[in-house]
Amino acid sequence: PIVDTFGMFILDADKNINRAMLGNIVFSNPEALARLEAIVHPVVSSAVNALVSRAQQKVVVVEAIKLLEGDLAQAVDEIWVVDASPETQYKRLVERRKMPEAEARQRITVQNAQVDKLGKATVVIKNDGNIEETWKQVQAAFNNIEKKMKGAAPAPIAAAPAVPVQSSAAPTPPPPRPASATPAAAAPTAAQAVANQQARGQTGQTQRLTPPDSAPAASINVSVKRGMPTNAEAIATFINAATNRNITRMDIMMAFGQKSYLLAQDQTDRVLGVMGWQVENLITRVDEFYLAAKIPAKPVVESLIVSVESASRDLQSEVAFFFLPPAVATELLGSFEQKGYEIMSVEQIKIPTWREAVQEIVVQQKGTVILAKKLGDRVLKPI
């Protein structure tokens, strides 16, 4: 329906919708935007209803830009509105998303008046401050939901003070030391696949994992927990030790806005591994994967894989993709293969939304090896 409405020229060379081109059309023409929303909103509502009906959790959160303009507003128990000044929105679009200034202004202008949204809000999250101030409000509001479910009175939510918006650009870290590994014996076809990806790809991986040195197969009990903002300092310290980078606690706090972290620990709570991952559009992407040196890698890697798959299935993810440097992928290939993963190139991914999600990471991490596994049946279908 979208192509029928807007024409074949919005397709790229692979016959997929060029979202940037479509965005330029609809965000500069209110009538075109209304036509697109008339196509998309019913499909989105249907998909949300399907996901909610399958969910096992007691609380389901629906994040939607146009929640109040569709039928979903009548289906939810609470409406949370995140409020930031137009100038704050503009700075973040330009500085964080690298959006051209004119496009950023246009995106803000085309949105419905914020005062209308605030008038319908059950909870207002003030987002002109830093990430920690915003997190405290979100945590307090969610705690109130739990209190209501138990029949207790909710507590008031303290709004964050308005502060000048600082640039989100993090200091440029020193280049990470090259990952070095002694490749483990692997099946010839899998090893050749890694070699082929190395030959096709470029160097300059943005994420680095320090492969474990040869370590005895000592007994090790691995537990995995979800990283929280209170763990931001520990996560930053671990990544710095593994990569020689200079990640700060605030860098991790900012990353929490886009992804989650899993921490693998031993029986003494020593951190053995850290994984950064996200689920978006029912697609799991693991684009950060770090291990401590001189540990038995197999139990740590497999524990992290099991944990991210479990969390992904809770979020009804359809597929999981891991992105690893070639040498490290060879080192750990056996553990991934035992868990049902296979090496895959971008060209081998036939589902457009999956391919776009993978391409987004591959562009940032040149030469990366993609490990893929289907987790469940497809829920979202093309429009």
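The sections below set out a description of the structure shown in this document. All figures in this text were calculated on a predicted structure; none of them were measured in a lab.

## Some points on the overall build of the chain
- The helix and strand tally for the chain stands at 13 helices and nine strands.
- Relative to its 383 residues, the chain shows a buried fraction of 40%.
- On the chain, roughly 20900 Å² of surface is accessible, and the fraction owed to carbon and sulfur atoms is 54%.

## Remarks on the pattern of salt bridges
- This structure, assessed with the given rule, holds 16 salt bridges.
- Here R270 and D266 are joined by a salt bridge, their closest N and O atoms 3.2 Å apart.
- Among the residues examined, R270 registers a relative accessible area of 43% and is labelled partly exposed.
- Among the residues examined, D266 registers a relative accessible area of 9% and is labelled buried.
- Several salt bridges share partner residues, and in doing so they unite K259, D287 and E288 into one network.

## A closer look at the nonpolar core
- F289, F322 and F336 are the most contacted members of the largest nonpolar core, which has 45 residues in total.
- Considering every element that reaches this core, the biggest residue donor is helix α11 (residues 297-314), with seven residues.
- The residues contacting F336, other than those within four sequence positions of it, are F289, V301, I305, F322, L324, Y341 and L371.
- Grouped together as the second largest cluster of nonpolar side chains are 15 residues, F321, M344, V346 and I370 included.

## Some details on the packing of aromatic side chains
- As enumerated under the stated definition, the model contains seven aromatic pairs in all.
- Ring geometry for F256 and Y261: centres 5.6 Å apart, planes at 85°, overall edge-to-face.
- With a relative accessible area of 1%, Y261 lands in the buried category.
- Arranged with centres 4.9 Å apart and planes meeting at 70°, the rings of F322 and F336 form a pair that is edge-to-face. Of the two residues, F322 sits in strand β7 (residues 319-324) while F336 sits in helix α12 (residues 326-338), which places them 14 residues apart along the sequence. Take F322 and F336: they sit in the same class, and that class is buried.
- Stacked on the ring of F6, the Lys or Arg R35 has its end atom at 5.8 Å from the ring centre.
- In this structure, R105 is placed above the aromatic ring of Y90, and the distance from its NZ or CZ to the ring centre is 3.6 Å.

## A look at the packing of α11 against α12
- Look at α11 against α12: their axes get within 10 Å of each other, and the N-to-C directions meet at 45°. It follows that α11 is oblique to α12 by the angle criterion. Considering only the axes of α11 and α12, their crossing is right-handed. On α12, the residues that touch A297, K298, V301, E302 and I305 of α11 are L332, S335, F336 and Q338.
- Each residue belonging to the contact of α11 with α12 can be placed in one class, and the counts come to five nonpolar, two polar and two charged.

## Comments concerning the packing of helix α2 (residues 19-26) against helix α3 (residues 30-54)
- Running from amino to carboxyl end, α2 crosses α3 at an angle of 125°, the nearest separation of the two axes being 7 Å. It follows from the interaxial angle that α2 and α3 lie oblique. Residue-level contacts link L22, I25 and V26 of α2 to P30, A32, L33 and L36 of α3.
- Here the contact of α2 with α3 is built from residues that sort into seven nonpolar, no polar and no charged.

## Some remarks on helix α4 (residues 86-95)
- Regarding α4, the residues found buried are T88, Y90, R92 and L93.
- Where α4 is buried, its residues touch α5 (101-110).

## Here we look at α3
- With 25 residues, α3 extends 35 Å between its outermost C-alpha atoms, agreeing within 8% with the 36 Å of an ideal straight helix rising 1.5 Å per residue.
- Three or more residues of α3 are buried, namely A32, L33, L36, E37, I39, S45, A47 and V48.
- On its buried side, α3 packs onto α1 (2-6), α2 and α5.
- You can read the cap of α3 off the contacts: a side-chain oxygen lies 3.0 Å from the backbone nitrogen of E31, and it is on N29.

## Here we look at the sheet that holds strand β9 (residues 369-374)
- Strand order in the open sheet formed by seven strands is β3-β4-β5-β6-β7-β9-β8, with mixed pairing between adjacent strands. This sheet does not close on itself; its edge strands, each paired only once, are β3 (223-226) and β8 (342-344). The sheet shows a mean angle of 30° between the axes of neighbouring strands, taken without regard to direction.
- As paired strands, β3 and strand β4 (residues 260-265) are joined by four bridges and run antiparallel to one another.

The rules we used
- Residues numbered from 1 in each chain as written.
- Predicted model: local features only at pLDDT ≥ 70, side-chain atom pairs only at ≥ 80, totals over all residues.
- Heavy atoms only, no water.
- Helix = DSSP H or I, 4+ residues; strand = E, 2+ residues; numbered from the N terminus.
- Buried < 20%, exposed > 50% of the residue type's maximum accessible area, 1.4 Å probe, protein only.
- Areas by Shrake-Rupley, 256 points an atom, 1.4 Å probe, with all protein chains shown as cover.
- Salt bridge = Lys/Arg side-chain N within 4 Å of Asp/Glu carboxyl O.
- Core = buried A, V, L, I, M, F, W, Y, C linked by side-chain atoms within 4.5 Å.
- Contact = heavy atoms within 4.5 Å.
- Phe/Tyr/Trp six-rings, centres within 6.5 Å; stacked < 30°, edge-to-face > 60°.
- Lys NZ or Arg CZ within 6 Å of the ring centre and 35° of its normal.
- Axes fitted to C-alpha atoms, helices over the stretch in contact; angles between N-to-C directions.
- Parallel < 35°, antiparallel > 145°, perpendicular 65-115°, else oblique.
- Left-handed = near helix turned anticlockwise from the far one by under 90°.
- Nonpolar A, V, L, I, M, F, W, Y, C, P; charged D, E, K, R; others polar.
- Expected span 1.5 Å × (residues − 1).
- Polar contact = N/O pair within 3.5 Å; in protein donor to acceptor, adjacent residues only side chain to side chain.
- Pairing = 2+ DSSP bridges.

This is a description of form; function is not addressed.
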